[in-house]
Amino acid sequence: MNYQDDIPLAKRIKSIRTIPAKSFLRIGFLFFMVGISLTFLSNRSVLRQTTSLEDSINLIENIQNKSLLGHLPYPQASKDELILFSPGIYVHKDIYENFKEMQFKAAQKGISLQLLSGYRSINLQRDIFYENKSIRNQTAIERSWDSAPPGYSEHSTGYAIDVGDGDYPNTHFEVEFEQTPAFKWMKKFASKYHFVLSFPSNNKQGVTYEPWHWRFEGTVNALKKFEDANKITKFK
Ligand SMILES: [Zn+2]
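The structure displayed is predicted, hence computed values, not measured ones.

Considering the pairing of strand β4 (residues 160–165)
Link 1 in the chain: Where burial is concerned, most of β4 is hidden: 5 out of the 6 residues are buried.
Link 2 in the chain: With 4 bridges connecting them, strand β3 (residues 113–117) and β4 associate as antiparallel partners. The partner of Ser117 across the bridge, within β4, is Asp162.

As for unusual backbone geometry
Link 1 in the chain: Of note, the phi angle at Phe173 is positive, near 60 degrees, even though the residue is not glycine.
Link 2 in the chain: Position of Phe173 relative to the elements: it lies in the loop between β4 and α5 (181–189).
Link 3 in the chain: Using a count of 16 C-beta atoms within 10 Å as the deciding quantity, one classes Phe173 as partly exposed.

Here's the deal with the nonpolar core
Link 1 in the chain: Of all hydrophobic cores here, the largest spans 25 residues; its most connected members are Leu113, Ile161, Val163, Ala182 and Trp214.
Link 2 in the chain: Those elements that place two or more of their residues in this core are α2 (93–107), β4, α5, β5 (195–197) and β6 (213–216).
Link 3 in the chain: No other element matches α2, which puts 4 residues into this core.
Link 4 in the chain: Filtering out sequence-adjacent residues up to four positions away, Ala182 remains in contact with Ile111, Ser112, Leu113, Val163, Gly164 and Asp165.
Link 5 in the chain: In terms of nonpolar packing, the next biggest core, distinct from the first, is built from 6 residues, Leu72, Tyr152, Phe226 and Ala229 among them.

What to know about the sheet that holds β6
Link 1 in the chain: Taken in spatial order, the 4 strands of this open sheet run β3-β4-β6-β5, and their pairing is antiparallel. Each having just a single partner strand, β3 and β5 make up the two edges of the open sheet. Across the sheet, the mean angle separating the axes of adjacent strands is 45 degrees when strand polarity is ignored.
Link 2 in the chain: Across the sheet, α2 lies against β3, β4 and β6, angled at about 145 degrees from β3, the strand it touches most.

Cut-offs used in this document
- Per-chain numbering applies: the sequence of each chain, read as written, is numbered from 1 onward.
- This being a predicted model, a pLDDT of at least 70 is required before a residue's local features are given, and a value of 80 or more before pairs of side-chain atoms are given or counted; all residues contribute to the totals for chains, interfaces and linings.
- With C-beta atoms placed from the backbone, a residue counts as buried when 20 or more other C-beta atoms lie within 10 Å of its own, as exposed when 12 or fewer do, and as partly exposed for counts between those limits.
- By the criteria applied, helices consist of DSSP H or I runs no shorter than four residues and strands consist of E runs no shorter than two, each listed in order from the N terminus.
- DSSP-based pairing: two strands are paired if at least 2 bridges between them are found.
- To form a nonpolar core, buried Ala, Val, Leu, Ile, Met, Phe, Trp, Tyr and Cys residues must be joined through C-beta atoms within 7 Å.
- Throughout, a residue-residue contact means that the two C-beta atoms, derived from backbone geometry, are no farther apart than 7 Å.
- What counts as an axis is a line fitted to C-alpha atoms, over the stretch in contact for a helix, and the angles between N-to-C directions run from 0 to 180 degrees.

Have a look at this one:
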């Protein structure tokens, strides 16, 4: 005997129809939820990408807002961080041995690396900046192309040096320095001693090419000083 026979026909039809309808609804609802979740997740990852791109742009904008005529602000080294390298030229203690070693290795190849300038106090930088400005009759913007405004020079940290070729003194602080054996040797080997060219040609900071100006990045403290400068190189 069939149990359904006890149920009136109308009710039987209704109950037979409702069961699959409910299942369809459930499956449909499941698909709907999965769809919503997937859309939400993919939107989130797009959003995340946009945010990180925006972060990079904001980061560079923040750094650029701090800069003056392309130069970034730098703190002045304290007296106990400095050491006399040669008459009148102080450098940060951290770079002393590295430069000596580099100079020695170059000399073995008959190349004369001459330290022309090291640490400069903010006051000295002020004199250089404004004196040169009046001597050369340049505007502040033109002046900044080859010397940073006071408070904005890597030299204030003690980690930046200007190097010349002792055999070609007429190329000191000139772009022609790039043709000397000293520059060619440094370009190849300076990184071994943690010196990097701060303002290569067409640098992203927009500072004039200075083949003689190198900075030291061989300690955590030194690297921290040049963090912003390196971010510009990396992200811009
Ligand atoms: Zn310099």
